[in-house]
Amino acid sequence: MLGRMDETTAGAPQRVTGELPAQASAPAGPTGPDAGQPDLPSPYGAGSRPAPEAAHPGPARRRVRIPHLQTMKSEGRRWAMLTAYDMYSAQIFDEAGIPVLLVGDSAGNNVYGYETTVPVTLDEMVPLVRAVSTAARFALVVADLPFGSYGGSVAQGFDSAVRMMKEGLAHAVKLEGGAPMVPLVETLTGAGIPVMAHLGFTPQSEHQLGGYRVQGRGDGADELIRAALALESAGAFAVVLEMVPTPVAERVTRELTIPTIGIGAGAGTDAQVLVWSDFAGLRAGRVPRFVKQYADLRGTLLAAARAYAADVESGAFPDADHSFEA
Ligand code: KIV
C-alpha cells in the first residue's frame, strides 16, 4: 500500500525445525580476496558489502526463515515487517532486527513517484528486489508481484515469480487476491516458491474496489475468512490483511494457522507491516490513519539540504577540514 489518503488518512504452514534467530548479530569477518584488507570506506558509498561487525553487536543471528515465523505465531510473539526498496534501508532495518523485509509494489509510489501501485512493472521491481536481497543479511526478503505480472494466467504468474527469485534473489513472493489466486499459489508453492498472500484492501484493485476503502465489513467478513482459509490450504505461508476491521482481522488470525500481518487491521494480528517512507516521516502531506510516524526524516533531510546549500553559498563549505593540502 502506500501513499493512500481516502478513507484511511489514513500451503499449509511449514513445520518448525529451528530455533528463532537472535535479534542482533555477530557476523563472521570478511572472507575471500579482500579478507584482511583494511576496511576503507568507498568514496561512493558502501556498495553491497556487509557492514562491519561493529554494526552488528550481540549474539549470533541467523537468516530468518519461514518456520521461524510459524514458531513466533505458535509462541504468541508478534513481529514487525517493513518495506524496503534499496540497499541502505534494507541494511538499516536488517540491523534493527526486522525479520521480514517486503519489497512492496508501493515502490510505485515511493520510488517511481506514480500515484498508485498500478503502473509499476516487473522490470522496475526486479532491480529493487535484488538490491534489498543483496543488502539484507538476516531478514527474509519478500518480493511483491506487481499488477499485470500474475493475474493473466498461472503460467504468467509462475514466470514472474521465478524472475523475482532468480534475478531478484528474493526468498518469497507476495500477491494480492483471494479465491482466484488459489491455483497460482498451489503452483508456486508446489514449485518451491513461498507465497505471502494479501487480502482486504488490495491496492492493485483500487479501481475495481472504488478507492481506498475498508474491506470485510458486514457480509464481506465471511468472504474474507473463506479466502484466507483457501489461501492457507493452497500453501501460503502468511497473509497480509490491509484495512480490515479489527474484529475481522482477529477472527482470521484465530482461524488460520499461518501468521497474519496487519496494516490498518488493528492490534490482533500476528505481525504488523508499515511502508518505510510512511513510518519514517519521509513523505510530504497527510499519512493514512493507520500509520504511526516514528521519525521525521523529511524534516531532517530538508534541514540538512538547506544548511548545505547555505554553507556552499556563503563559502563555509568546504573548509580546510574537508579539503586536501598540497
Ligand atoms: O506494497 C506494499 O508496500 C504492500 C504492503 C503495505 C503490505 O503491499
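Participant: Teacher, can you tell me more about helix α2 (residues 87-95) here?
Facilitator: Quick reminder: α-helices carry 3.6 residues per turn. Residues three or four places apart thus point the same way. Taken as a whole, α2 has its buried residues at M87, S89, A90, Q91, F93 and D94. Positive phi appears at G97, one or two residues downstream of α2, with a value of about 90 degrees.

Participant: Explain a nonpolar patch on the surface to me, please; I cannot follow it from the model alone.
Facilitator: On the surface, a cluster of nonpolar side chains totalling about 290 Å² of accessible area is made up of Y308, V312 and F317. For F317, the location among the structural elements is in the segment after α11 (297-314). Looking at F317, the relative accessible area reads 34%, which means it is partly exposed.

Participant: So what exactly am I meant to see when it comes to the confidence of the model for the chain here?
Facilitator: Any residue range with low pLDDT should be treated as having predicted coordinates unsuitable for detailed reading. For the chain, the mean per-residue pLDDT works out to 87, and 82% of the residues sit at or above 70. Taken element by element, the chain is modelled with least confidence in helix α7 (residues 206-209), mean pLDDT 94, and with most confidence in strand β4 (residues 172-176), mean pLDDT 99. Note on residues 1-19: pLDDT is under 50 here. Beyond four places in sequence and across chains, it has 70 contacts. Confidence drops under pLDDT 50 across residues 23-39; counting only partners more than four residues distant or on other chains, this segment forms 29 contacts.

Participant: Quick question: what am I supposed to make of the pairing of strand β7 (residues 260-263) here?
Facilitator: For a regular strand, side-chain orientation follows a simple rule: the groups alternate between the two sheet faces. Here β7 shows a buried face lined by T260 and G262 and a second buried face lined by I261 and I263. The pairing of strand β6 (residues 238-242) with β7 spans four bridges and is classified as parallel. Residue pairing in the sheet places E242 in a bridge with I263 of β7. Inspection of the sheet shows β7 paired to strand β8 (residues 271-274) by two bridges, in the parallel sense. What sits directly across from I261, in β8, is A271.

Participant: Can you help me understand the pattern of salt bridges in this one?
Facilitator: Side chains that differ in sign of charge can pair as their charged atoms come close. Counted under the stated rule, the structure contains eight salt bridges. Between K174 and D144 there is a salt bridge, and its shortest N-O distance comes to 3.0 Å. Placement of K174 in strand β4 and of D144 in strand β3 (residues 140-144) is noted, with a sequence separation of 30 residues between them. With relative accessibility at 1%, the residue D144 sits in the buried group.

Participant: Please explain the packing of aromatic side chains as it appears in this structure.
Facilitator: Geometrically, a pair of aromatic rings is defined through the distance of the ring centres and the angle of the planes. Scanning the entire structure with this criterion turns up six aromatic pairs. Centroid distance F201 to Y212: 5.1 Å. Interplanar angle 65 degrees. Geometry classified as edge-to-face. Here F201 is found in the loop between β5 (195-200) and α7, whereas its partner Y212 is found in the loop between α7 and α8 (220-234), with eleven residues between them in sequence. Using a relative accessible area of 0% as the deciding quantity, one classes F201 as buried. Both rings, one in Y308 and one in F317, keep their centres 6.0 Å apart while their planes meet at 70 degrees; by these two values the pair is edge-to-face. Accessibility expressed as a relative area gives 51% for Y308, which makes it exposed. Three or more aromatic residues joined by ring pairs make a cluster, and in this case those are F93, W276, F279 and Y294.

Reading guide: rules and limits
- Residues numbered from 1 in each chain as written.
- Predicted model: local features only at pLDDT ≥ 70, side-chain atom pairs only at ≥ 80, totals over all residues.
- Heavy atoms only, no water.
- Buried < 20%, exposed > 50% of the residue type's maximum accessible area, 1.4 Å probe, protein only.
- Helix = DSSP H or I, 4+ residues; strand = E, 2+ residues; numbered from the N terminus.
- Patch = residues over 30% accessible without salt bridge, like charges linked within 9 Å, V, L, I, M, F, W, Y side chains within 5 Å.
- Areas by Shrake-Rupley, 256 points an atom, 1.4 Å probe, with all protein chains shown as cover.
- Salt bridge = Lys/Arg side-chain N within 4 Å of Asp/Glu carboxyl O.
- pLDDT = per-residue confidence, 0-100.
- Contact = heavy atoms within 4.5 Å.
- Pairing = 2+ DSSP bridges.
- Phe/Tyr/Trp six-rings, centres within 6.5 Å; stacked < 30°, edge-to-face > 60°.

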